Amino acid sequence: MRTFSLLKGQPVFETKSGQKIGEVCDLCITSNGKVTGLLVKRGVFFKQSFFLDIHKVTSFGADGVMIEDNGSLEKLKDPEYTFTHQQPLDGMMMLSKSGESLGLLKDVYFQEELGTIIGYEITDGFFSDLTEGKQVIQSGKPLAIGKDAIIVDVKNT
């Protein structure tokens, strides 16, 4: 299990040559809450983002993401949602299915091998985080992502 905040900025290495081919800059997420891939930023002066299917990653290490070769990177299609770029989920209001406001989405916990999101880190603001700490919502069921809010079936709060 890994959080997006730990993955963001990690280098992506090609196992055939040992060459760094870019770094992780975002997650691609479907409307039912599944991570389909990573956005990888490449280039020195003119940075471009590429899509890396989560199933083409050979391993997620503590210091880098490993792929077989740079042919695994695809031209970026329009993802349904990303965490921070196009149609961002970061900072969206989260509600329980019973209509209770849970807070604002700050991070996601997901299983790297499957791409399944298993938890959501939420915040009620800076001062609340200092006094109460950040809250993690666990949910085993897919969520619904709308224009104004994310609806989730809550296991534990």
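That block above? That's the structure.
This text gives an overview of the structure that appears in the document. (Residues numbered from 1 in each chain as written. Predicted model: local features only at pLDDT ≥ 70, side-chain atom pairs only at ≥ 80, totals over all residues. Heavy atoms only, no water.)

**With respect to the packing of aromatic side chains**
Per the stated rule, a full pass over the model turns up 1 aromatic pair. Seen in terms of ring centroids, F4 and F83 are 5.2 Å apart; in terms of plane orientation they differ by 55°. Their pairing is tilted. Of this pair, F4 sits in helix 1 (residues 4-7) while F83 sits in the loop between strand 9 (81-82) and strand 10 (93-96); the two residues are 79 residues apart in sequence, bridging distant segments of the chain. Given the relative accessible area of 3%, F4 is considered buried. (Phe/Tyr/Trp six-rings, centres within 6.5 Å; stacked < 30°, edge-to-face > 60°. Helix = DSSP H or I, 4+ residues; strand = E, 2+ residues; numbered from the N terminus. Buried < 20%, exposed > 50% of the residue type's maximum accessible area, 1.4 Å probe, protein only.)

**Points about the nonpolar core**
Membership of the largest hydrophobic core comes to 35 residues, with the highest contact counts inside it found for L27, L38 and L89. Look past the residues within four positions of L27 in its chain and what remains in contact with it is F4, L7, V35, G37, L38, Y81, T82, F83, V108 and F110. (Core = buried A, V, L, I, M, F, W, Y, C linked by side-chain atoms within 4.5 Å. Contact = heavy atoms within 4.5 Å.)

**As for the pairing of strand 4 (residues 35-42)**
Across a regular strand the side chains alternate sides, sitting on one face of the sheet and then on the other. As paired elements, strand 3 (residues 20-29) and strand 4 share 6 bridges and run antiparallel to each other. Paired with I29 across the strands is V35, a residue of strand 4. Between strand 3 and strand 4, which pair antiparallel one after the other, the connecting turn spans 5 residues, and G33 there sits at a positive phi close to 85°. Both strand 4 and strand 5 (residues 48-53) contribute to a ladder of 6 bridges, which runs antiparallel. Directly across from R42, in strand 5, lies its bridge partner Q48. (Pairing = 2+ DSSP bridges.)

**Quick look at the state of the cysteines**
Scanning all chains against the criterion turns up 0 disulfides. C25 forms no disulfide, and the closest cysteine sulfur to it belongs to C28, at a distance of 8.6 Å. On the accessibility criterion, C28 (1% relative accessible area) is buried. (Disulfide = S-S within 2.5 Å.)

**Some remarks on the pattern of salt bridges**
Counted by the stated rule, this structure contains 4 salt bridges. The salt bridge involving D69 is made with K16; its shortest N-O contact spans 3.4 Å. Remark: K16 occurs in the loop between strand 2 (11-14) and strand 3 and D69 occurs in the loop between strand 7 (65-67) and strand 8 (73-75); sequence separation between them is 53 residues. (Salt bridge = Lys/Arg side-chain N within 4 Å of Asp/Glu carboxyl O.)

**Examining a nonpolar patch on the surface**
Side chains of V44, F45 and F46 sit close together on the surface and give an oily, nonpolar patch of about 480 Å² of accessible area. If you trace the backbone, F45 turns up in the loop between strand 4 and strand 5. Residue classification places F45 among the exposed positions, given a relative accessible area of 76%. (Patch = residues over 30% accessible without salt bridge, like charges linked within 9 Å, V, L, I, M, F, W, Y side chains within 5 Å. Areas by Shrake-Rupley, 256 points an atom, 1.4 Å probe, with all protein chains shown as cover.)

**Notes on the pairing of strand 10**
Residues M94 and S96 point to one face of strand 10 and are all buried, whereas M93 and L95, pointing to the other face, are not buried. Across 3 bridges, the pairing between strand 10 and strand 11 (residues 101-111) is antiparallel. Among the inter-strand pairings, M93 is bridged to a residue of strand 11, identified as L104. Note: strand 10 against strand 15 (residues 149-152), 4 bridges, orientation parallel.

**A few points about the environment of V44**
Along the chain, V44 falls in the loop between strand 4 and strand 5. We classify V44 as exposed; its relative accessible area is 67%. Distance from V44 to F60, taken between C-alpha atoms, is 24 Å for residues 16 residues apart in sequence.

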